[in-house]
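Descriptive structure summary
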Amino acid sequence: MKTTKVGIIGCGMISDTYFKAAQKFNILEVIACSDIIPERSKAKHDLYGVANVTNEKLLANKDIEIVLNLTPPQVHSKIALDTLNAGKHAYSEKPFGVDEADAAKVMALAKKKKLRVGCAPDTFLGGGHQTARKVIDDGWIGKPLSGTAIVMGRGPESWPHAPFFYDYGGGPMLDLGPYYMTALVVTARGFDFRTMGPEVAPQYKDKYVPFGKYPVNVTTHLTGVVEFQCGALITVITSFDCYRHGHHPIEIYGSEGSLQVPDPNGFDGPVRIFRKGFKDRDWKDIPLTHVYTDNSRSIGAADMAYALRSGRKHRVNGELANHVLEIMLSFDKSSKAGARVELKTACERPAPLPLGLNEGELPE
Ligand SMILES: NC(=O)c1ccc[n+]([C@@H]2O[C@H](COP(=O)([O-])OP(=O)(O)OC[C@H]3O[C@@H](n4cnc5c(N)ncnc54)[C@H](O)[C@@H]3O)[C@@H](O)[C@H]2O)c1
């Protein structure tokens, strides 16, 4: 099979997952990588045998069709614009951008240049979520009426690059909200400063270590209600201010029953159902109908590569990511205004994955 040549910009923590998962999808061939800290891309060159170059060289490489942008959120839009200006398709880690204006620039440039944009998460293509979707689409819980999407914890304070999660573009909504979703809203910040953990990424050493702490620039507890086009009301909570909770990540309540949807930060199940008429009061596990249950990040980029060949729409697309970004940013907007926010963007539901695929396969 003729491969689609890919370059990776940003060789930090998540990049190994991409380097490895891309090996599963024969259509993707990672040929070069870059990082503003060259030792990091050199380490990936040593491990995976791909060329270690600068961003400029990577973008100038005529063979590369898709650039995977695995940089921190604040540079996502810039790298996406550079990628499109270099005539390449841009696929980014989440979020799609840190503000709507930047994201709109990316969408407009892609349209002008007739290039594709995509943005993680692609976990909704995993076996767990495709099964949950099939169960809903096939009517097993009737009409979805309401639900909950809850992700709470104390945040990634101990991570070496923790400060970026507490700066603009981070926080529980933009970091974890992309997985969840989508505005009657209250937001808060539980702590004004956070403590640097024992492992510190080099770029934060001089800046924060002498003080032992760093400022929190984003709201860290956001809660609201999102009204979907079908009328379902979903209660959303994302928080970095909570030590422990007992809620399931996502539950959907329909006219005929209820569904427990697995953690959207992963690809696996379980998917559990309760239907009216069940004799006992227990949830029942549903066998997964789709493959991709291990960490398959990059499946969205592989789907983009197939879509480029056939001309079909790619599933993990910019329209979707841009809509999700507007929803996430609307929580703070609604809270500040003390009012409901009407969304301006919209998107089509991506096509489901067909049944019967094997690992590594995607539809043409
Ligand atoms: N770490 C995770 O578990 C995880 C999971 C899912 C998604 N993500 C997302 O992936 C992205 C990266 O996260 P990470 O945890 O790998 O962060 P990281 O800080 O470990 O890696 C980011 C890398 O990008 C490099 N970089 C920064 N600016 C650059 C530029 N202008 N050009 C080239 N390289 C540049 C940094 O030097 C760093 O090596 C974020 O958007 C994050 O939300 C991370």
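We now turn to the structure provided with this report. As the structure is a prediction and not an experimental result, all values here were calculated from the model. All residue numbers here refer to positions counted from 1 along the written sequence of the relevant chain. With the structure being a predicted model, the display of local features is reserved for residues of pLDDT at least 70 and the display and counting of side-chain atom pairs for 80 or more, all residues being used for whole-chain, interface and lining totals. For side-chain calculations, the full set of non-hydrogen atoms in the structure is used, while hydrogens and water are omitted.

**Observations regarding the sheet that holds strand E1 (residues 4–9)**
With parallel pairing, the six strands of this open sheet are ordered in space as E3-E2-E1-E4-E5-E6. Since the sheet does not close on itself, it has two edges, and those belong to strand E3 (51–52) and strand E6 (117–119), each with one partner. Where E1 meets strand E4 (residues 66–69), four bridges bridge the pair, whose relative direction is parallel. Each residue of the ladder has a partner; that of Ile-9, found in E4, is Asn-69. Relative to strand E5 (residues 89–92), helix H4 (residues 76–85) is tilted by about 160 degrees, and along the sheet it contacts E1, E4, E5 and E6. Contacts are residue-level and defined by heavy atoms, with any inter-residue pair within 4.5 Å sufficient. An axis is simply a line fitted to the C-alpha atoms; with a helix, the fit covers only the stretch in contact. Between two such axes, the angle follows the N-to-C directions and lies from 0 to 180 degrees. Only runs of H or I of at least four residues qualify as helices and only runs of E of at least two qualify as strands under DSSP, and these elements are numbered from the N terminus. Taken strand by strand, helix H9 (residues 299–310) contacts E1, strand E2 (28–34), E4, E5 and E6, and its axis lies near 160 degrees from that of E5. Strand pairing requires that DSSP identify at least two bridges connecting the strands.

**Regarding the packing of aromatic side chains**
Aromatic contacts are taken between Phe, Tyr and Trp rings whose centres are within 6.5 Å, Trp giving its six-membered ring; a plane angle under 30 degrees counts as stacked, one over 60 as edge-to-face, and the others as tilted. On inspection of all chains with the given rule, the structure shows six aromatic pairs. Centroid distance Tyr-166 to Tyr-214: 5.8 Å. Interplanar angle 55 degrees. Geometry classified as tilted. Pair check on accessibility: Tyr-166 and Tyr-214 agree, each one buried. Aromatic pair Tyr-166 and Phe-240: ring centres 5.6 Å apart, planes at 50 degrees, arrangement tilted. Judged on exposure class, the residue Tyr-166 and its partner Phe-240 are both buried. Ring-pair connections join several aromatic residues into one group, and the members of that group are Tyr-166, Tyr-214 and Phe-240. We note Lys-213 situated over the ring of Phe-193; from NZ or CZ to the ring centre the distance is 5.0 Å. Think of it in three bands: with a 1.4 Å probe and only protein chains considered, a residue is buried below 20% of the maximum accessible area for its type, exposed above 50%, and partly exposed in between. Only when the NZ atom of a Lys or the CZ atom of an Arg is both within 6 Å of the ring centre and within 35 degrees of the ring normal do we say a charge sits over the ring.

That is the geometry; function is a separate question.
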